[in-house]
Amino acid sequence: MSSVTVRVPAKVNVQLSVGPLREDGYHDLVNVFHAVSIFDEVVANESESITVSVVGEWADQVPVDDGNLAVQAARALAKHAGRAYGADLVIRKAIPVAGGMAGGSADAAGALVACNELWGLGLPFEDLLEIAGDLGSDVPFALLGGTAVGTGRGEQLSELPTGGVFHWAFAVADGGLSTPRVYAECDALRAAAGAEAPWPQADEALLAALRTGDAPALGARLANDLQPAALALRPELAGILAAGRDAGALGGLVSGSGPTCAFLAADEEHARRLADALSESPSCRTALTAHGPVSGPRPA
Ligand code: C5P
């Protein structure tokens, strides 16, 4: 095989509960991930060495050196297989960069699946999941797709079957937010308020809404502990959240560490109307629609 192409979805966190800071610098989480139909494409072409190039709307914001998580993923896989394999990776970006939608993690997951196929390794999914966990907290879910509850630092996953399809509108803000910075701000806000970080708990009403496909109930339970921190760092996001509420979203929140904001709609048409309204908001660079859950990356 000389070339393998995979599509990898973005994610939104429908519940992100952040516990205390651990000694290893991470936080224990309950992180309910939901994969949505905004896809990066990762192509792995036969090559002597591991290289990457990036095309698409957000391409100029993505590193093409060892800082690229897809390159790190290919290297980690080659190391696991015990050989100096090469691959020329081409990433077509549609997922906003540094937007809280796990675009970098998606590219890493795509590189693992594509290189496993290109190199004919045939490694089982469990091996890929283990390598994914070492690459980043969100990479295992990017490999899995669907809807899942993440615990630990978000890498320990339990799949959650969902009833039906959820429709979303996303407001992509200008510029990205650094994930470590948002977590640090969350800790600082809690310290300033003298608040102990609670042990994170899954919201049973939210999980039930996902299981039964109840969009109004899910909309009412959307929650992200990182949201106050993202708003402190980017106050203009409050205007975007208000615009989504005013336009009749069933619920809205900052996605992950932001700055993308996600809004739940009643159906596809409602999602389009929400996106039209959000695109009028001054701090919204672009508005997208998507549905979830969708599958993780599989070779085409
Ligand atoms: O795992 P990943 O490399 O994606 O994490 C990026 C950063 O996000 C970490 O260095 C840490 O600052 C923060 N983080 C955290 N707790 C988590 C996941 C990420 O504090 N559970």
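With an unreviewed UniProt entry as reference, the protein chain is termed 4-diphosphocytidyl-2-C-methyl-D-erythritol kinase, source organism Nonomuraea cavernae. Looking at the protein chain in UniProt, the text filed under Pathway (unreviewed entry) is "Isoprenoid biosynthesis; isopentenyl diphosphate biosynthesis via DXP pathway; isopentenyl diphosphate from 1-deoxy-D-xylulose 5-phosphate: step 3/6." Regarding the protein chain, the relevant UniProt record gives this comment under Catalytic activity (unreviewed entry): "4-CDP-2-C-methyl-D-erythritol + ATP = 4-CDP-2-C-methyl-D-erythritol 2-phosphate + ADP + H(+)".

Caption draft 1: Main features of the overall build of the protein chain. Helix and strand counts for the protein chain stand at ten helices and eleven strands. Against the compact-globule benchmark of 19 Å for 300 residues, the protein chain has a radius of gyration of 19 Å, which places it among compact chains. The principal-axis extents of the C-alpha atoms in the protein chain amount to approximately 55 × 45 × 35 Å. Of all 300 residues assigned to the protein chain, the portion counted as buried reaches 52%. Long-range pairs, those at least 24 residues apart, make up 75% of the contacts in the protein chain with a sequence separation of at least 6.

Caption draft 2: Quick look at the UniProt feature "binding site: ATP" (unreviewed entry) in the protein chain. Following the UniProt record, one finds the feature "binding site: ATP" (unreviewed entry) at Pro96, Val97, Ala98, Gly99, Gly100, Met101, Ala102, Gly103, Gly104, Ser105 and Ala106. Relative to the helices and strands, Ala102 is located in the loop between strand S4 (87-93) and helix H2 (103-118). For Ala102, a count of 29 C-beta atoms within 10 Å gives the class buried. Setting aside chain neighbours within four positions, we find Ala102 in contact with Ala10, Lys11, Asp138, Ala142 and Gly256. With respect to the element layout, Ser105 can be found in helix H2.

Caption draft 3: Representation of the sheet that holds strand S10 (residues 261-265) in the model. If you trace the four strands from one edge of the open sheet to the other, you get S9-S10-S7-S11, paired in antiparallel fashion. Strands with a single pairing partner mark the edges of an open sheet, and in this sheet they are strand S9 (251-254) and strand S11 (284-292). Strand after strand, the sheet turns through a mean of 20 degrees between neighbouring axes, direction not considered. Relative to S11, strand S7 (residues 166-173) runs antiparallel, the two being bridged by eight bridges. Of the residues in S11, the one forming a bridge with Trp168 is Ala290. Contacts from helix H9 (residues 237-246) reach S7, S9, S10 and S11 within the one sheet, and its direction differs from that of S10 by about 5 degrees. In this fold helix H10 (residues 268-279) packs onto S7, S10 and S11, with an angle of close to 170 degrees to the strand it touches most, S11.

Caption draft 4: How the structure looks around the site of the ligand. By nearness alone, every residue bordering the ligand is listed as Gly25, Tyr26, His27, Leu29, Gly136, Ser137, Asp138, Arg153, Gly154, Thr179, Pro180 and Tyr183. Elements that contribute at least two residues to the shell around the ligand include exactly strand S2 (27-46) and helix H5 (179-192). Looking at the shell around the ligand, the element that brings in the most residues is H5, giving three residues. Across the shell around the ligand, the residue classes tally to four nonpolar, six polar and two charged. Taken together, domain 1 (3-159) and domain 2 (166-292) each give at least three residues to the shell around the ligand, which thus spans both.

Caption draft 5: Spatial organisation of the nonpolar core. In terms of nonpolar packing, the biggest core is built from 101 residues, with Ala70, Ala111, Leu112, Trp168 and Leu278 touching the most fellow members. When residues of this core are assigned to their parent elements, the largest contribution, eleven residues, is made by S2. Built from parts of two domains, this core gets at least three residues from each of domain 1 (3-159) and domain 2 (166-292). Setting aside its immediate chain neighbours within four residues, Ala70 contacts Val42, Val52, Leu89, Ile91, Asp107, Ala108, Gly110 and Ala111.

Caption draft 6: Spotlight on the domain arrangement of the protein chain. Its domain assignment divides the protein chain into domain 1 (3-159) and domain 2 (166-292). Each of domain 1 and domain 2 has a C-alpha centre, and these two points are 22 Å apart. Between domain 1 and domain 2, the residue contacts involve 29 residues of the former and 34 residues of the latter. Elements with a minimum of two residues in the side of domain 1 that touches domain 2: strand S1 (3-21), S2 and strand S5 (147-151).

Caption draft 7: Seen up close, the packing of helix H1 (residues 69-81) against H2. Interaxial distance between H1 and H2 falls to 7 Å at its minimum, and their mutual angle equals 35 degrees. Note that H1 runs across H2; the crossing there is right-handed. Contacts between H1 and H2 involve Leu69, Ala70, Gln72, Ala73, Ala74 and Leu77 on the former and, on the latter, Gly104, Ser105, Asp107, Ala108, Gly110, Ala111, Leu112, Cys115 and Asn116. Grouping the constituent residues of the contact of H1 with H2 by class yields nine nonpolar, five polar and one charged.

About the thresholds
- Residues numbered from 1 in each chain as written.
- Predicted model: local features only at pLDDT ≥ 70, side-chain atom pairs only at ≥ 80, totals over all residues.
- UniProt positions renumbered as here; feature names shortened; annotations may be inferred.
- Helix = DSSP H or I, 4+ residues; strand = E, 2+ residues; numbered from the N terminus.
- Rg over C-alpha atoms; globule rule 2.2 N^0.38 Å.
- Buried ≥ 20, exposed ≤ 12 C-beta atoms within 10 Å, placed from the backbone.
- Contact = placed C-beta atoms within 7 Å.
- Pairing = 2+ DSSP bridges.
- Axes fitted to C-alpha atoms, helices over the stretch in contact; angles between N-to-C directions.
- Near = placed C-beta within 6 Å.
- Nonpolar A, V, L, I, M, F, W, Y, C, P; charged D, E, K, R; others polar.
- Domains from an automatic or database assignment.
- Core = buried A, V, L, I, M, F, W, Y, C linked by C-beta atoms within 7 Å.
- Left-handed = near helix turned anticlockwise from the far one by under 90°.

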